[in-house]
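Topology and contacts: notes
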Amino acid sequence: MIVLAHGVGSRTDLPIPIGFALYGAGAAILVSFAVLVLFWRTPRLGGSGSGRPLPGGVQRLLDGAPFRRGLQAAALAVAALVVAVALWGPADTDRNLAPWVLYVTFWAGLVPLSLLVGPVARLANPLRLLHRGLRGLVPRAPGVARLPALGLWPAAASLLVFVWLELVYPGRAEPVTVAVFLIGYAVVQVGLALWFGEDWFAQGDGFEAYSTLIARLSPWGRRDDGRLVLRNPLANAIATPPSPGLAPLVVVLLGSTAFDGLSRTVFWQTGPGAANDTLSGTLGLLAMVAIVAVLYALGTRLSGRMAGQDPAVQPARYAATVIPIALGYTVAHYFSLLALDGQTTWILISNPFGIDGVDLFGTYGNRVDLTAVSSDAIALVQVGAIIVGHVIGVTLAHERALLSARRARASDQLPLVVVMVLFTLGGLGLLFGF
Amino acid sequence: MSFRPARLRAALIGLALATVVTGCAGTDPEAAPGSSSSGSASSSASSAASSAPATSATPAAPAGQRIEVTVTGGQASGDTGRVPVPVGEHVVLVVTSDAPDELHVHGYDLGADLVPGTPATIEFDATIPGVFEVELHDAGTQLLSLQVG
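Residues numbered from 1 in each chain as written. Chains lettered and ligands numbered in written order. Predicted model: local features only at pLDDT ≥ 70, side-chain atom pairs only at ≥ 80, totals over all residues.

1. Concerning the environment of A:W220
Residue and element names in this part refer to chain A.
- Structurally, W220 can be placed in strand β2 (residues 220-222).
- Measuring from C-alpha to C-alpha, the distance between W220 and R52 comes to 9.8 Å, with 168 residues separating the pair along the chain.
- When sequence neighbours within four positions are dropped, the list of residues in contact with W220 reads V117, G118, A215 and L230. (Helix = DSSP H or I, 4+ residues; strand = E, 2+ residues; numbered from the N terminus. Contact = placed C-beta atoms within 7 Å.)

As structure tokens, then:
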């Protein structure tokens, strides 16, 4: 049983061509300074009160209990099926649906889905339904008063646990591992929600927080007055509330994706990660998250100090501007997995329990077409995602600086922009594979 | 207050153990008869045209790229690490192991049984670009990564 980067998969991407890496790096640096020097000098994006409201009927449907409970019940049924397949389906990862659903279809698929239709994992979170059924056991959530202070820290921790499972734990691709993780995750999350109240899920369920974070770059938002609105995704992102723990959440995402890239390089496989064991993987993952955290904290605090603002509030204030960069990394690293190995889910769904002769949708005999997307197209998507993420990130940071001080000097933003350039050059370097 | 988390943790561990145990009991009998390679081999006929893999041991006259690996005491030597291969190249992979195992080329999904001391050969045209691992299925040892492109 092989374990590759990101949970499961039969292939990894080729290193991007050197020309792509160089053009990408050049474009990133050029755009960064152009934004600082040439772009607008007063805030341009709408704030948290902006947006074109959806019709009242649509909002009543989307916000209504029947719609949400229905989605949650459907998600719960799918999750139960996946756990059952993980426990009683084929023992071989290549033939068992569960690892492919968790690591590819769900985890990688959550990104495009949230980007297109908004915070789906929040609307359809099956754990919310379970909690609703069980909360009679704990009539008054004892920890509800302490929840706001925790911010998004629990979500960051919960995501770190998942990415460790996905990228480090040697038995990650075993169906049994998937079952134990899903059941354990549900029990822990519902238990904590009973303690802290239902709002726990938005702050402590890593998947829900991840989906909500990505949805910040979707056109779907909620205005200050509670109306669902369509608005510029950039305005949506800039309106992200600077909760405590938002920066750690973004840093975990960026750092873990960077580690995913690092673990595929020849440098890592023949150097620090040559042992290919839990210890080297854990240290590598933590090191990448730490490097990203230190760079980010330095850049934001230094920018704040130069602008004469309290450095302590800066990391949270600018965290939303790093979401596009993290998203660019994510797309670059998971696009081919979803497009190519993601086909496995749709093949195995025809016969989840591996019973002879069963072929529900007529796809069970199909083979994954690993040439469905050419390697040039993959490289183009990878570099494109990193560069677009970078450009949006720098743009948002500029806007954020103008919002926090009307007379913000371009030079004050330099440290943060330099850090963003470093993230992007690092991302391109990892795709190039050293 | 300190009771609840402790009980929760104990229950969790119990649950995890229970699922591991039932998982093993449920899956072990199935593991024996049908391995993955036999399952996918039967279905490969339908789409063989796309990648045209050839597992036969008949050595082609124009050699293509020959990759040789020897496994001794769990350690691989020879053409290990990242091995670049141009797209479309004919690849002859020869592996000799001192222990019985199953050779597996990922992505191309090709396999061969390894008999101690006897070289096993997998031949195929490298038509799918990407980086693919070649490993020992039972031991989990990675022999090399084939970089096609």
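2. Some points on unusual backbone geometry
All names here are of chain B.
- We note that D109 has phi near 55 degrees; this positive angle belongs to a residue other than glycine.
- Structurally, D109 can be placed in the loop between β6 (101-105) and β7 (110-114).
- The exposure class of D109 is buried, given the 20 C-beta atoms found within 10 Å. (Buried ≥ 20, exposed ≤ 12 C-beta atoms within 10 Å, placed from the backbone.)

3. Re the sheet that holds strand β9 (residues 130-136) of chain B
All names here are of chain B.
- Spatially, the five strands line up as an open sheet ordered β4-β10-β9-β6-β7, and their pairing is mixed. Each having just a single partner strand, β4 (81-85) and β7 make up the two edges of the open sheet. Strand-to-strand twist of the sheet, defined as the mean angle between neighbouring strand axes without regard to direction, takes the value 20 degrees.
- Examined bridge by bridge, β6 and β7 share five bridges and lie antiparallel to one another. Residue pairing across strands places L103 opposite A112, the latter belonging to β7. (Pairing = 2+ DSSP bridges. Axes fitted to C-alpha atoms, helices over the stretch in contact; angles between N-to-C directions.)

4. Describing the pairing of strand β10 (residues 142-148) of chain B
Residue and element names in this part refer to chain B.
- Burial runs high along β10: six of the seven residues are buried.
- When β4 meets β10, the two strands line up parallel, connected through five bridges. Paired with V85 across the two strands is V148, which belongs to β10.
- Sheet topology note: the β9/β10 ladder contains six bridges and is antiparallel. Each bridged residue has a counterpart across the sheet, and for F132 the counterpart in β10 is L146.

5. Points about the confidence of the model for chain A
- Of the residues in chain A, 98% have a pLDDT of 70 or more, and the chain-wide mean is 91.
- The low-confidence segment residues 1-5 of chain A (pLDDT under 50) makes 18 contacts with residues lying over four places distant or belonging to another chain. (pLDDT = per-residue confidence, 0-100.)

6. Things to note about the packing of helix α3 (residues 65-88) of chain A against helix α7 (residues 126-134) of chain A
All names here are of chain A.
- Relative orientation of the contacting elements α3 and α7 amounts to 105 degrees, with a least axis distance of 7 Å. Considering their axes alone, α3 and α7 lie roughly perpendicular with respect to each other. Where α3 approaches α7, its residues R69, Q72, A73, A75, L76 and A79 are matched on the opposing element by P126, R128 and L129.
- In terms of residue class, the contact of α3 with α7 is made up of six nonpolar, one polar and two charged. (Parallel < 35°, antiparallel > 145°, perpendicular 65-115°, else oblique. Nonpolar A, V, L, I, M, F, W, Y, C, P; charged D, E, K, R; others polar.)

7. Side note on the confidence of the model for chain B
- Taken residue by residue, chain B gives an average pLDDT of 70. The fraction at 70 or more is 58%.
- Scoring the predicted complex yields pTM 0.84 and, for the interface, ipTM 0.82.

8. Concerning the sheet that holds strand β3 (residues 228-230) of chain A
Residue and element names in this part refer to chain A.
- The sheet built from three strands is open, its strands ordered β1-β3-β2 with antiparallel pairing. Both outer strands of the open sheet, β1 (52-53) and β2, are each paired with one neighbouring strand and no more.
- Note: β1 against β3, two bridges, orientation antiparallel. Bridge pairing in β3 places R52 opposite L230.

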